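# Report on the structure
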Amino acid sequence: MTKRNKVIYWVATIWLALGMLAGGVQQLLQIGGYVEIITQLGYPLYFLSILGAWKILGVIAVLAPKFPLVKEWAYAGFFFAMSGAAISHITMDQPFTEALPSLVLLILTVTSWYFRPADRKIAFSNQKEQHES
């Protein structure tokens, strides 16, 4: 992995972790305007607690060393949560600016996932065999 790719990975991952952790805590505690947002989008209030807990656990999974399969699930969860949030805002005819935070976090999710180091990826036996020959 090149130094440039490491920098891209860590910058994206740190911003992703900060955004998800801040949002997750606020959602779990149902503060910071999230109650209004979630009700305007037509979702039940308890959905905030679920999303908040998942985001916090996802941040732990993405930042912790090892456990590449768990990281894949966390990235997938972030992808679905953020794309779902953006789509929800857009389909409810809210201003595009309402979807921007989730779109930024979506871009950070994809960037972090794409540039993650090899030791944070799932190693398939076929890949190992191909590299050995």
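This text goes with the structure placed above it.
Cut-off values and rules
Residues numbered from 1 in each chain as written. Predicted model: local features only at pLDDT ≥ 70, side-chain atom pairs only at ≥ 80, totals over all residues. Heavy atoms only, no water. Helix = DSSP H or I, 4+ residues; strand = E, 2+ residues; numbered from the N terminus. Buried < 20%, exposed > 50% of the residue type's maximum accessible area, 1.4 Å probe, protein only. Polar contact = N/O pair within 3.5 Å; in protein donor to acceptor, adjacent residues only side chain to side chain. Contact = heavy atoms within 4.5 Å. Axes fitted to C-alpha atoms, helices over the stretch in contact; angles between N-to-C directions. Parallel < 35°, antiparallel > 145°, perpendicular 65-115°, else oblique. Left-handed = near helix turned anticlockwise from the far one by under 90°.

## Structural notes on the side chain of Ser 102
Position of Ser 102 relative to the elements: it lies in helix α5 (residues 96–114). The class of Ser 102 is buried, set by a relative accessible area of 7%. Within polar-contact distance, the side chain of Ser 102 engages the backbone nitrogen of Ala 86 at 3.4 Å. With residues near it in sequence (within four places) discarded, Ser 102 still touches Met 82, Ala 85, Ala 86 and His 89.

## Points about the environment of Lys 6
Its location among the elements puts Lys 6 in helix α1 (residues 3–29). Overall, Lys 6 belongs to the partly exposed group, its relative accessible area being 45%. Lys 6 sits 110 residues away from Arg 116 along the chain, and the two C-alpha atoms are 7.8 Å apart.

## Let's talk about the packing of helix α4 (residues 68–91) against α5
Relative to each other, α4 and α5 sit at 155 degrees, their axes nearing to 8 Å. Considering the angle they form, α4 stands roughly antiparallel to α5. Like other packed secondary-structure pairs, α4 and α5 cross with a definite hand, here left-handed. Facing Glu 72, Tyr 75, Phe 78, Phe 79, Met 82, Ser 83, Ala 85, Ala 86, His 89 and Ile 90 of α4, the residues of α5 in contact are Glu 98, Ala 99, Ser 102, Leu 103, Leu 105, Leu 106, Thr 109, Val 110, Ser 112 and Trp 113.

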